[in-house]
Amino acid sequence: MKTAEIKLTISLDDNNVPENIMWESTDSQNKEALPVKSMMLALWDQSYKNTLRIDLWTKDMPVDEMKRFFYETLQTMGDSFLRATGEKNIVEDLRDYCAHFADKMEIKQ
């Protein structure tokens, strides 16, 4: 069995606000840690039947990039949901909402 490790390193200021977020993976072709401005991690807890989440962004994450990050995250969640469930109709509804979100947030697609 193959094992891969994903490592997140978060540098915090004195008020525990992220200043830097670095990520790396043992399964990546790129072997050094890469900087990112925002992250969302969701894990399913089977025992309690709920989602565990970590949402972080650096204090210098621009608002326009945060809007784009949310838009792209919603889009890729639709892709994942379709692959996991085959529920095409509801994913089409999510795509419609994403288009509405992009329009309201003035995100160029």
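What counts, and at which threshold
Residues numbered from 1 in each chain as written. Predicted model: local features only at pLDDT ≥ 70, side-chain atom pairs only at ≥ 80, totals over all residues. Heavy atoms only, no water. 1 Å grid on protein atoms, 1.4 Å probe; cavity = no way out; pocket = protein on both sides within 12 Å on 5 of 7 lines; lining within 4 Å. Points joined across faces, edges and corners; volume = space filled by probe spheres on them. Nonpolar A, V, L, I, M, F, W, Y, C, P; charged D, E, K, R; others polar. Helix = DSSP H or I, 4+ residues; strand = E, 2+ residues; numbered from the N terminus. Buried < 20%, exposed > 50% of the residue type's maximum accessible area, 1.4 Å probe, protein only. Contact = heavy atoms within 4.5 Å.

- You'll find the protein chain entered in an unreviewed UniProt entry as Gliding motility protein GldC, with Mucilaginibacter sabulilitoris given as the organism.

**Quick notes on the layout of surface pockets**
Okay, step 1: When its volume is computed, the largest pocket comes out at roughly 270 Å³.
Okay, step 2: In terms of lining residues, the largest pocket is bounded by Ile-6, Leu-8, Ile-21, Trp-23, Val-36, Ser-38, Met-39, Met-40 and Leu-41.
Okay, step 3: A class-by-class count of the residues in the lining of the largest pocket yields eight nonpolar, one polar and no charged.

**Observations concerning the environment of Ile-6**
Okay, step 1: Summarising the element assignment, Ile-6 is placed in strand β1 (residues 6-12).
Okay, step 2: Owing to a relative accessible area of 62%, Ile-6 belongs among the exposed residues under this scheme.
Okay, step 3: Measuring from C-alpha to C-alpha, the distance between Ile-6 and Arg-83 comes to 22 Å, with 77 residues separating the pair along the chain.
Okay, step 4: Apart from residues lying up to four places away in sequence, Ile-6 is in contact with Trp-23, Glu-24 and Ser-25.

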